[in-house]
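Structure at a glance
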Amino acid sequence: MGKVLESSLWRSSDFGTSYTKLTLQPGVTTIIDNFYICPTNKRKVILVSSSLSDGDQSLFLSTDEGATFQKQPVPFFVETLIFHPKEEDKILAYTRESKLYVSSDLGKKWTLLQDRVTKDHVFWAVSGVDDDPDLVHVEAQDLSGGFRYVTCSIYNCSEKTLTAPFAGPIDQGTLTVQDDYIFFKATSANRTKYYVSYRRNEFVLMKLPKYALPKDLQIISTDESQVFVAVQEWYQVDTYNLYQSDPRGVHYALALEDVRSSRQAEESVLIDILEVRGVKGVFLANQKIDGKVMTLITYNKGRDWDYLRPPSMDMNGKPTNCKPPDCHLHLHLRWADNPYVSGTVHTKDTAPGLIMGAGNLGSQLVEYKEEMYITSDCGHTWRQVFEEEHHILYLDHGGVIVAIKDTSIPLKILKFSADEGLTWSTYNFTSTSVFVDGLLSEPGDETLVMTVFGHISFRSDWELVKVDFRPSFSRQCSEEDYSSWDLSNLQGDHCIMGQQRSFRKRKSTSWCIKGRSFTSALTSHVCECRDSDFLCDYGFERSPSSESNTNKCSANFWFNPLSPPDDCALGQTYTSSLGYRKVVSNMCEGGVDLQQGPVQLQCPLTPPRGLQVSIQGEAVAVRPGEDVLFVVRQEHGDVLTTKYQVDLGDGFKAMYVNLTLTGEPIRHRYESPGVYRVSVRAENIAGHDEAVLFVQVNSPLQALYLEVVPVVGINQEVNLTAVLLPLNPNLTVFYWWIGHSLQPLLSLDNSVTTRFSDTGDVRVTVQAACGNSVLQDSRVLRVLDQFQVVPLEFSKELDAYNPNTPEWREDVGLVVTRLLSKETSVPEELLVTVVKPGLPTLADLFVLLPPPRPTRKRSLSSDKRLAAVQQVLKAQKISFLLRGGVRVLVALRDTGTGVQQLGSGGGYWAVVVLFVIGLFAAGAFILYNFIRKRPGRTVYAQMHNEKEQEMTSPVSHSEDVQGAVQGNHSGVVLSINSREMHSYLVS
């Protein structure tokens, strides 16, 4: 057992100059699991702790920045605490048991809100969007196992008061509430759809280009009334395409193709795109084309992209010899795993234009090269500052930049710059080298105090070193200490996002503190609108760069601009897009208006299109007497004037109006097993549409028994029969595994015929699948080159006692074998009696040969055994008693051919193996009224595989199915009864 050390809590109130150790519970070993600071009141702190003595968890509450704490036991184990974004005493607690609790008094009292909640998918109300500030958005699992999106108020949250803004199920772990938008995805019938709600309006489908066919979708940003999403389309593996939306987040246009992605732990995806903080509309992205990764920058929210300009000189003043278009600057856009260090690119809201990142010069990004570059004019010009990657910290609004080398060796030196990276000074922050774990700055952007924390050795405690830059600056900055710089893109255009913007920066010669009152924004002037202020609307694409007019937007082949939108109702009007829309958040006025003069059209009466009928829960197989909820949806067309004719296939017919508008399901119940054709016809004056669903109504399978003749000769046709309870004609699919083949043969009949060309042991396994019910049985038989069969019959009294079940036939066969062995002295293992199904009761006796010996003459021994068997049967010496004293006599059956000798030639013998019985149901079952019939032809459904790779069955294997390398089974001929196939398809 490893020794568990008590967590130590230290507090400093003088910028880290001195620390006081806090004792939460004197004499009690306490482990601090986590701590939380209220975002709206930094004085309120909550520690989550565990006690080693009793294993319970408690909260320690502080309202004085941790000077004192009050212990508060909780009846659950906290996984995560979520403070209310506006009200400081309201907290949500997500527990290890997936329960959600709420407290309105800073954790003193708790109330259970919801069970079976998805972790990290719980959200407080968004201020200015949700009407109720106490509303909670939750993704939770319902009793059926599906997931749904629900909301409730923290003061009235029960099953009766829950609100479901979306009626259907959603995919697990997809609910996201962010700013004005709510997102989730829902998969049904193997189709995934992405939904969005803007400012809590109804959910609508997110409209990506028709043939994007997304495999995955990641939300990048939702600020400034626009959504950026990264979509991995059907053809992409390690890249995503970047799309930007209209203000409602519904219609999306392509912004950038092939942005690099990577998968991290827990299947999370990282997209190589970074929003530059401090200047709205600026993004960096790494594009991967033909294996090469190159960094791009946009100044207008993805409307235009450019490669980064390389510096002409390196950090030592030598020429870089890097010139476009063959050479550019490329940056790594990785997030740091450690939250206490910067990522590979560092930006800050209070330091606009200042970007510092790790990368390299060349034709593409190189993974192992991490030289440090800096720009102070938002990417217009760059300078190299270090040859290796450093962790970065901005102090005093970027007035001081601190850099510590990212290395695995201990350090005692840091570097800092007070002139935006033009010059750097070194500072010994400790006399003893430490392994640096992170950098912390004091709260507030104006601070000049930071803390370096780490450890001297891997077994030592943390070392915390305070670094205070305040003594280095003797005064506060005045207006004379600042100059201005104008934002421009790489082409030198100063009208960016429809305005000219100027920012203040401290002069490199001024050694002063910017302080709390500093503001970076200086002036802004609105520009006239130009072509570059507009991008292509949904359904349109920019002209290729090879054409002269790259600003022209043309409609995609799949898009008709004159088509009315899906929600266009009769009597309303809609606007036909001319192919352009203004960039969201662009401030330009006047000038060019590419959106001017759109055509106003009347919404026509449109015919119903995309009609769908399904069963709630997506099942198509139900049980008799079970409630079935049919859901009818219509993707396109008018719904107000449309009538819906519903036929549920069992005589129920009805006419509905507003069926798809209300979304109310149709409740029904089928009493008898069968296949029912459900049809819905939607019709209005403009046209009609129809949807059809075949519903299987069947009882669960109870038992399965595989019947097979135990003796099989080479190339002899053998019948394999699956006896099923209950009988489900035309509703059951049978999967047959013969020998070592891993791919099944499929049939709709319960019998198949086959032949075996080689001698040896063969395992035969059958699975019966009906709806969600699957059973399996298995037998092992031996194929030999020859054997003899003696036909038997019984006195007619036996028929009255024949229940026609496999077990009964097996028991009768065993007693006949035992009696014959006793009378003839032939070993029981050389005699096998098989009673046939049906009436009259008949049987076949298989006379088997022992393993050959060098001194034994096989024909003589066989003649003696056969003669002995025939003699006792003719002498009527084989009989057995039934209940009531009824004696049954066993005799030779006259078939006109006498004893059958099977094999490849006269005089040869075969030996058969024992039955291997593998019943699924526990105990025996009784199957009455079995009518024996000769099996019809069955379909040959073996899937050929020339490479003979392993395949997995579409249904699960039982444990008694032996795995083996697949090989095609020779001599198998399977077909399906044509009448039954027709019946199955048209019922």
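See the structure above.
Right, let's walk through the structure included here. (Residues numbered from 1 in each chain as written. Predicted model: local features only at pLDDT ≥ 70, side-chain atom pairs only at ≥ 80, totals over all residues. Heavy atoms only, no water.)

On inspection of all chains with the given rule, the structure shows seven disulfides. Between the sulfur atoms of C529 and its disulfide partner C588 the distance amounts to 2.1 Å. One quick way to see it: the torsion about the S-S bond of C529 and C588 is about 95°, and its sign makes the bridge right-handed. Taken together, the residues C529 in strand β42 (residues 528-529) and C588 in the loop between β47 (580-582) and β48 (589-591) connect sequence positions 59 residues apart. Of the two residues, C529 and C588, neither departs from the other in class, the shared state being buried. (Disulfide = S-S within 2.5 Å. Helix = DSSP H or I, 4+ residues; strand = E, 2+ residues; numbered from the N terminus. Buried < 20%, exposed > 50% of the residue type's maximum accessible area, 1.4 Å probe, protein only.)

Let us now look at the nonpolar core. Among the nonpolar cores identified, the biggest contains 32 residues, and F794, V816, L820 and F880 are the most heavily contacted of them. Residue assignment for this core shows that the elements contributing at least two residues are β66 (786-794), α2 (806-824), β67 (831-835), β68 (842-847), α3 (858-874) and β70 (887-892). Setting aside residues no more than four positions away along its own chain, L820 makes contact with S825, L831, L845, V869, V872, L873 and I878. V276, V282, C378 and W485 belong to the second-largest nonpolar core, a separate cluster that totals 27 residues. (Core = buried A, V, L, I, M, F, W, Y, C linked by side-chain atoms within 4.5 Å. Contact = heavy atoms within 4.5 Å.)

Tallied over the entire structure, the rule returns 34 salt bridges. With a closest N to O distance of 3.0 Å, K119 and E79 form a salt bridge. One end of the pair, K119, is in strand β11 (residues 117-124); the other, E79, is in strand β7 (residues 78-83), with 40 residues separating them in the sequence. The network of salt bridges with shared partners includes K44, E88 and D89. (Salt bridge = Lys/Arg side-chain N within 4 Å of Asp/Glu carboxyl O.)

This brings us to unusual backbone geometry. Residue P325 is bonded to the preceding P324 through a cis peptide linkage, with omega at 5°. Inspection of the secondary structure assignment puts P325 in the loop between β26 (306-307) and β27 (328-331). In this structure, P840 follows L839 across a cis peptide bond, with omega equal to -5°. In this structure, P840 sits in the loop between β67 and β68.

With that settled, consider the packing of aromatic side chains. Inspection of the entire model under this criterion finds 27 aromatic pairs. A connected cluster of aromatic rings, assembled from ring pairs, spans Y149, F166, F184, Y195 and F203. Its end group placed over the ring of F518, K514 keeps NZ or CZ at 4.8 Å from the ring centre. The cationic tip of R779 hangs over the ring face of Y705; the distance from NZ or CZ to the ring centre is 4.5 Å. (Phe/Tyr/Trp six-rings, centres within 6.5 Å; stacked < 30°, edge-to-face > 60°. Lys NZ or Arg CZ within 6 Å of the ring centre and 35° of its normal.)

Now for α2. If you check α2, its first and last C-alpha atoms are 27 Å apart, about what 19 residues at 1.5 Å a residue would give, namely 27 Å. P806, E807, W808, R809, V812, G813, V815, V816, T817, L820, S821 and T824 are the residues of α2 that are buried. Residue S825 follows α2 closely and has a positive phi angle near 65°. (Expected span 1.5 Å × (residues − 1).)

Within strand β60 (residues 718-725), seven of the eight residues are buried, which leaves it mostly tucked inside the rest of the structure. Strand direction decides the pairing type here: strand β58 (residues 703-708) and β60, joined by six bridges, are antiparallel. By the bridge assignment, A703 is partnered in β60 with L725. Two strands pair when backbone bridges link them, and β60 and strand β63 (residues 751-754) are joined in this way by four bridges, in the antiparallel orientation. Bridge pairing links T721 to S751 in β63. (Pairing = 2+ DSSP bridges.)

Counting through the fold element by element, A67 comes out in the loop between β5 (57-62) and β6 (70-73). In this structure A67 comes out as partly exposed when scored by relative accessible area, which is 36%. When the C-alpha atoms of A67 and R43 are compared, they prove to be 9.5 Å apart, with 24 residues separating the residues in sequence. Beyond its immediate stretch of four places on either side in the chain, A67 contacts R11, L22 and S62.

Another point: the sheet that holds strand β8 (residues 91-95). One open sheet accounts for four strands, arranged β7-β8-β9-β10; its pairing is antiparallel. Sheet topology places β7 and β10 (111-114) at the edges, where each strand pairs with a single neighbour. If you compare each strand with its neighbour and ignore which way they point, the axes differ by 30° on average. Here strand β9 (residues 100-103) runs beside β10; their pairing, made up of three bridges, is antiparallel. Residue V102 lies in a different strand from β10, and its bridge partner there is T111. (Axes fitted to C-alpha atoms, helices over the stretch in contact; angles between N-to-C directions.)

It is worth spelling out the side chain of R501 at this point. By the secondary structure assignment, R501 is in strand β40 (residues 499-506). Of the buried charged residues, R501 lacks a salt bridge, with E224 as the closest side chain of opposite charge at 7.0 Å. If near-sequence neighbours (up to four positions away) are discounted, R501 is found in contact with V279, K280, W485, D486, L487, H494, I496, T523 and S524. (Lys, Arg positive; Asp, Glu negative; His and termini not counted.)

With that settled, consider the environment of C527. Structurally, C527 is set in the loop between β41 (521-526) and β42. C527 sits 61 residues away from C588 along the chain, and the two C-alpha atoms are 5.0 Å apart. Once residues lying within four places of it in the same chain are set aside, the contact partners of C527 are C495, G498, Q499, Q500, C588 and E589.

Spatially, three strands are ordered β36-β37-β38 in an open sheet, and the strand pairing comes out antiparallel. At either end of the open sheet lies a strand with only one pairing partner, and these are β36 (435-441) and β38 (462-468). Direction aside, the axes of adjacent strands within the sheet are offset by 25° on average. In the sheet, β36 pairs with strand β37 (residues 449-455) via six bridges, with the strands oriented antiparallel. Counterpart to V436 in the pairing with β37 is G454.

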